[in-house]
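So you can see what is in the structure, the chains are spelled out below.
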Amino acid sequence: MSLNIKVQTKDQYVLLNIEGDVDLYSSPDVREALLKLTKKKTPTILVNLEKVPYMDSSGVATLIEGLQQCNKYQGRFSLVSLRDNVREVFELTRLDKIFEIHKDVNEALANGSV
Amino acid sequence: MPEPIIKIRDLHTSYGELKVLKGITLDVYADETLVILGRSGCGKSTLLRHLIGLQKPTKGEIYIKDVDIVRASEDGREEVMKKIGMLFQGAALFNSMSVGENVALPLVEHTPLESSTISIMTRMKLDLVGLAGFENFMPSQLSGGMKKRAAMARALAMDPDILFCDEPSAGLDPIVAVGIDHLILKLKKAFKMTIVVVTHELASVFLIADRIALLHEGEVIFLGTKEEMKNSKDPRICQFLERRPDEEIIDRDKHLSALVGEGYIS
């Protein structure tokens, strides 16, 4: 499944919509999209994983890089709409404690200063 | 019944005149842990070498995810192997490289990932095997159990969906050995991997196996669950489970010839 990335700029946040498997070969595209946003010091980045059926550790590592860059300028970095199997990967690697994870965009907006 | 992820069909291999594998037929299903059990020299490590493409059989077929890896082109075989992890018996770490460099090697060689991403992945894998913070250590600074864990982290580097382990607890003390077994259980649960373990350690078998294939003189003489194995009346299986030594049969004349050096050849 090829990867499709769309950036939606809203008033209070930027939504990064990812569609497709995020794996060893596609995660560099996610990285590039994320780093474009963090270079501009985008204050709030919400990464929508609703249409990501599979994510391997390279995808997780890429999101960690995004979070790390965002933290440098004290931006907000949230993951939303994770499928159960993708959420499990975060839980098993204890990364659910590091990331801000919400069930959807509305919950993310209701639970933080955006 | 689901389609097997690995299919071995009528596999034969010889070392010169010595027949090592004599028609192995075996299926491995997705998400199961299959333990290949057998005495030293029964052909189990040879079978594993065939599964990872290090050795070609004299006859027979091996399909991994429907690719015939015996007859596939080098590129075709390499593509399949990228999603297979291998834990070698002696860990097989590169001593001139740090632990982190060892783990990162498959990612550096086979993926387009940036070094910053690879560094994070390397630390994640080391954390998973209980070696967080050891990335700058050299293999010579690690204990036997830690080397096995580092080798496991390297085997997991590419997020394999099939993991092969050759004697994972060989040469380790019982506590460290059971730690490796628990690590295998954890990985299976976490990543839903298909795991094939070659071993002769019974304690390990009964902890980690979903199914067991018992190899004896190059043939599969038993395939089933732990319970089925425990209930077997086959004398060869009973001998293995009861850890009874072979009966010593001495040919008087041959024995005498051997002692006095009169051209006795076994």
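First, a word on scope: everything that follows refers to the structure included in this document. (Residues numbered from 1 in each chain as written. Chains lettered and ligands numbered in written order. Predicted model: local features only at pLDDT ≥ 70, side-chain atom pairs only at ≥ 80, totals over all residues. Heavy atoms only, no water.)

Regarding its fold elements, chain A presents 4 helices and 5 strands. The order of helices and strands in chain A, counted from the N terminus, is β-β-α-β-α-β-α-β-α. Relative to its length of 114 residues, chain A is compact, with a C-alpha radius of gyration of 13 Å against a globular reference of 13 Å. With respect to the three principal axes, the spread of C-alpha positions in chain A is 30 × 25 × 20 Å. Within chain A, the proportion of its 114 residues that are buried is 53%. Counted over contacts in chain A with a minimum sequence separation of 6, partners at least 24 positions apart contribute 65%. (Helix = DSSP H or I, 4+ residues; strand = E, 2+ residues; numbered from the N terminus. Rg over C-alpha atoms; globule rule 2.2 N^0.38 Å. Buried < 20%, exposed > 50% of the residue type's maximum accessible area, 1.4 Å probe, protein only. Contact = heavy atoms within 4.5 Å.)

This brings us to helix H2 (residues 74–81) of chain B. The α-helix winds at 3.6 residues per turn, so residues separated by three or four positions along the chain end up facing the same way. Residues and elements named next belong to chain B. Residues Arg77, Val80 and Met81 constitute the buried set of H2. Buried residues of H2, seen end-on, are gathered within an arc of 100° and therefore sit on one face of the element. Of the surrounding secondary structure, the elements contacted by the buried residues of H2 are helix H1 (44–51), strand E4 (59–64), strand E5 (67–68) and strand E6 (84–87). (Arc of directions from axis to C-beta.)

Moving on to the side chain of Lys7(B). Note that Lys7(B) resides in strand E1 (residues 6–15). When sequence neighbours within four positions are dropped, the list of residues in contact with Lys7(B) reads Leu26(B), Asp27(B), Glu61(B), Ile62(B), Tyr63(B) and Asp66(B).

The subject of this paragraph is the sheet that holds E5(B). The pairing of strands in a sheet comes from backbone hydrogen bonds and takes either a parallel or an antiparallel form. Residue and element names in this part refer to chain B. Spatial strand order, E2-E1-E4-E5: 4 strands in an open sheet with antiparallel pairing. In the strand order of this sheet, the two ends are held by strand E2 (18–28) and E5, each with one partner. Contacts between H1 and the sheet are confined to E1, E2 and E4, with E1 contributing the most and set at about 120° to the helix. (Pairing = 2+ DSSP bridges. Axes fitted to C-alpha atoms, helices over the stretch in contact; angles between N-to-C directions.)

The subject of this paragraph is the pattern of salt bridges. Residues and elements named next belong to chain B. As enumerated under the stated definition, the model contains 19 salt bridges over all chains in all. Residue Lys7 is joined to Glu3 by a salt bridge in which the shortest nitrogen-to-oxygen separation is 3.1 Å. The salt bridge partner of Asp234 is Arg236, with a shortest N-O separation of 3.0 Å. Counted as one network, the salt bridges with shared partners bring together Glu3, Lys7 and Asp66. (Salt bridge = Lys/Arg side-chain N within 4 Å of Asp/Glu carboxyl O.)

All names here are of chain A. Ordered in space as E1-E2-E3-E4-E5, the 5 strands form an open sheet in which the pairing is mixed. Edge strands, defined here as strands with exactly one partner in the open sheet, are strand E1 (4–9) and strand E5 (100–102). Along the sheet, successive strands turn relative to each other by an average axial angle of 25°, direction set aside. Where strand E3 (residues 44–51) meets strand E4 (residues 76–80), 5 bridges bridge the pair, whose relative direction is parallel. Across the sheet, Leu46 pairs through a bridge with Ser78, a residue of E4. Against the sheet, helix H1 (residues 27–39) touches E1, strand E2 (14–19), E3 and E4, its axis set at about 175° to E2. Each of E3 and E4 is contacted by helix H2 (residues 57–72), which is oriented at about 150° to E4, the strand it contacts most.

Turning next to the interface of chain B and chain A. Chain B puts 20 residues into the contact, and the matching count from chain A is 18 residues. The junction of chain B with chain A conceals about 1500 Å² of combined surface from both sides, 63% of it contributed by carbon and sulfur atoms. For chain B, the biggest contributors to the area lost against chain A are Thr117(B), Ile120(B) and Met124(B); these three give 28% of the whole. In this assembly, chain B and chain A are joined by 1 salt bridge. The closest approach of N and O atoms between Arg94(A) and Asp127(B), which form a salt bridge, is 2.8 Å. (Buried area = accessible area lost by both parts, 1.4 Å probe.)

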